[in-house]
Amino acid sequence: PVRMAEGETVDIPQEPTEEELAAGEAADAEAPPGEDGGEEAAAEAVAEEEQPPEPPQLTETEILARMGNCAPEPGESGLKGIFINAKNYLSIDLHDEVEESDDVPFSGMKLKPYTHLKKSEVLEQVKKMGFASDYHPQQKDFEKYPLEDILLIFEPSRAYGEKIVWCTTEDAYNREMERLNARRQAVLDEFDRENRGEAAEEEAMQDEPDENIVVRDVPKECREWKSETAEATHEEVQNFTVQNSRPLLQIMITRTRGQFGKSTKLSDSGENINNCRPQKDHNFAPPKRELEIGIQAVKETRTCSCQTTWFRPINKSTQYTPSDFLQRGADLGYDKVDELSAFLSNVSVGVEEALQTNETVDIFQEEFAHLGEEEAGAITKTHSKLKEHPNFHDVTYTKGKRIEWVEWVPNSSDMVVSSCCENMPFTERLENSGKATVSTVLVWSFADSLSPHAVLESPWEVTVFKFYPSDPTYLIGGLGNGQIAVWKLSPTDLGLTTGKSQSSRPGLEEEKHSTIPTVVHRQISMIDESHRKAVVAIEFMPATLEIERRGRGASEKNPHDAPIKYFLTVAGDGQVMIWDFQAMLDAINDNDFLWRPVVRVQLQRQDSGTEMGLCHILHCHDRFDEKGTKLLTNFYASTEEGELILGDWAARGEEDRKADVVKKMYSSCKTFRPMLSLERSPFFPDILLGVTDWAFYLFKDGLSEHLFMSSYTSTYYTRGVWSPTRPSVIFLGLVSGGIDIWDFSDQSHKASLSDTGASVAITSMMFCYHGEIREGQKLAVGDAQGHLHIQNIPKNLIKPGGREKENMRKFLDREEKRVRYFQERQQELKDLKDQLEKQAQMATDGQEKEKDKTECLDKEDAIAEAAYQKLEAEVKEQLGPG
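Residues numbered from 1 in each chain as written. Predicted model: local features only at pLDDT ≥ 70, side-chain atom pairs only at ≥ 80, totals over all residues. Heavy atoms only, no water.

Draft legend 1. The arrangement of the pattern of salt bridges in detail. Scanning all chains against the criterion turns up 31 salt bridges. E194 is paired through a salt bridge with R66; the nearest N and O atoms lie 3.8 Å apart. Of this pair, E194 sits in helix α6 (residues 170-207) while R66 is found in helix α3 (residues 60-67), placing the two residues 128 residues apart along the sequence. The salt bridge involving R179 is made with E176; its shortest N-O contact spans 2.6 Å. With R179 and E176 both in helix α6, this residue pair falls three residues apart, about one helical turn. The class for R179 is partly exposed, based on a relative accessible area of 30%. Via salt bridges that share partners, E76, R175, E176 and R179 belong to a single interconnected network. (Salt bridge = Lys/Arg side-chain N within 4 Å of Asp/Glu carboxyl O. Helix = DSSP H or I, 4+ residues; strand = E, 2+ residues; numbered from the N terminus. Buried < 20%, exposed > 50% of the residue type's maximum accessible area, 1.4 Å probe, protein only.)

Pasting the structure below:
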């Protein structure tokens, strides 16, 4: 090796010396002639070295490692997941070692992409091990498998239920093997391309000629610094010179003579921290300065502070003498009294007039405004606060959802049922519209507000549900996909009876920690024969009603004590369907029973012919026509544009036109938004309550317009219900979570009381109509966050006032007279307008007739004059001249 100038070393090949050359020639001379075996061996060795090396090959493990994850796409046909115990992975060649190792690609839980089994071996293992075999649960599928070779594929995402998937059909086997072979061939082709690239690089390196590099170690020569100009030289030198940015510091460290040479040990003093506390300095007098400055605009401000406390001096007391305030009046004496008397005499008249002006009576002042509120009224703010029972909420079932519908368990005042729906925007709901999910209907008990008493499972979200009046153990629910489902509940599920005694504390603990019973639906309607949109309302028809199959009519054939047979449903698709519940009960255990509606009516708009989406429906029980015939097929329904319609589902169409189902439409309440509630008054069957976003309306059967309309509210309404015991009280839920209470016996221009029902928007409200409702009422309120609140109604909102029902009837009659007066007045004005237009038209027609008559007379005169002139000319011609 020779050392280079920069400190590097390079190996230089040396030429053979003369002694080495002579030794080599002597060795060649000593070799006997004719013995060329060594030369042949050397030639063979050289030939072997000249042969190209064999290309590298991939092992099976390396091929599988390069293939990576080969899981099939989710939803492929002919594939099924199978559970295989981890201890059996080695026996079926899914990995090479049981314990995970970094040196072994397939070890532990790192499995190979695929492997193969023999059908005969699988069936033999099932025969020997029985249910202990991993293949026993799918023994029948293995027996039906047509091929001998079984393909197992590793699927880590568990799209088919397990992470091991096998092909159950011959088509699936051929498809997956074709895909795996293509993947395997791609890996081999890529490896061949890599080998060809490396071989080409090696050949290129071998073709390059070898170079002999000779390096000498020569010292550097110091030469004169050369640059183009002297200024460039100085600039380069200055760049290499470190300039001081500050003056040099001088530090002197001293130490006592006795400490010289001693060792010192330094350590952190984290515990002994010296604090410097502020102290009050009585001699401290900060200088005071005044600065007057003006600023036109300030964009940013910043507040700064420091740790030092400024004890500024403050005056605590002030001492003065009375003479300081009497200096101005020191010159006043008794000689000024006459001047003061003259001044008072001059201004006395003006002062008296001002005092008389202050005593003027305000004719617009309300004399009884300050007498307090009238205790005889129904509403008093001091005694009308709603008291909330502990609300019901469960993290598993109601978190992040809204309470869509609430019902009280019949014959029970401490059991309530609610349905939950997801709070998803329209875009997410549209994406998940075709996917089946599991929704729940929860049964709550007042004994335990932390967990539901029972859970009803549904394949879709339950948007509305009601108990069957004739048998409360049946629950009918409308689903989000338009179907109708029926659940059969036991008395234990409804909390009517308990299986264990709850008198002792251990029993309560056992009940609290016991599993929650789950109930699945017993019957569900055909999806092809159901609604196309979510069911929004269910209405039971009278027990006496019987529907005629062919005539699409109805008659009262059944007795009054018979079970209810039919119920109505509506949805956003504009269809009104009537279902036979008794037929479903007769075949509830028949799995082949197809439940479809008895009557189906499609409502359409007459102007555009589009579907009329419905929100609520009420069947008319006691409605008669002009001849006194009872109308059994009429109903009231609300639309998605805020309208109220009166329909007849038994209307018949003529040959040239369709059936006119919509008989009357109340368009005065149209808000282009769905009507939120439609309730019939429990005291006045002909009065209906309709709630929209901005106001609520009262309708009466027989009027073409609404009877009463409330004032617009700044907070949107969400629900509305009648009081079950007060004829003049209405409860309205708000989007802010509040509850407005309207009492028409108190005032009708605004709410009499506003209270809080929930902290977020109210989504459902339902009164409990069971038990002693005149002694205590409960209002179930559901909100948009999944909480179910139970509000206890105060006494003054339960007990009706004296003659309240009669006064409410008078109020409704007065409003009816007002509406009829305006209708009659509008009709009179319309008739008067038509009469005036008719008279004006007649006058115009008379003038035109006279004009035509005059023109005809003038024309006749002209014709007669022309005939006379002609006759005169003929006579003169006959008489001749003279």
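Let's pick the thread back up.
Draft legend 2. Structural detail: the sheet that holds strand β24 (residues 634-639). If you walk across this open sheet you meet the four strands as β23-β24-β25-β26, and the pairing is antiparallel. Edge positions in the sheet fall to β23 (614-619) and β26 (662-666), since each of these pairs with one other strand and no more. Across the sheet, the axes of successive neighbouring strands diverge by a mean angle of 20°, strand direction being ignored. (Pairing = 2+ DSSP bridges. Axes fitted to C-alpha atoms, helices over the stretch in contact; angles between N-to-C directions.)

Draft legend 3. Here's a closer look at the side chain of S723. Its place among the elements puts S723 in the loop between β31 (717-722) and β32 (729-734). Setting aside anything within four residues of it in sequence, one finds S723 in contact with P682, F683, V729, F731, F767, Q777 and L797. (Contact = heavy atoms within 4.5 Å.)

Draft legend 4. Region of the structure containing the sheet that holds strand β3 (residues 79-81). The strand order β3-β6-β5-β4 describes an open sheet built from four strands, whose pairing is antiparallel. Whereas interior strands pair on both sides, the edge strands pair on one side only; in this sheet they are β3 and β4 (114-118). Mean inter-strand twist for the sheet, computed between neighbouring axes without regard to direction, equals 30°. By the bridge criterion, three bridges tie β3 to strand β6 (residues 164-167) in an arrangement that is antiparallel. Pairing of G81 across the sheet is with V165, part of β6. Sitting on the sheet, helix α4 (residues 119-129) is in contact with β4 and β5 (149-154), with an inclination near 70° to β4.

Note that all results are geometric; they support no functional claim without further evidence.
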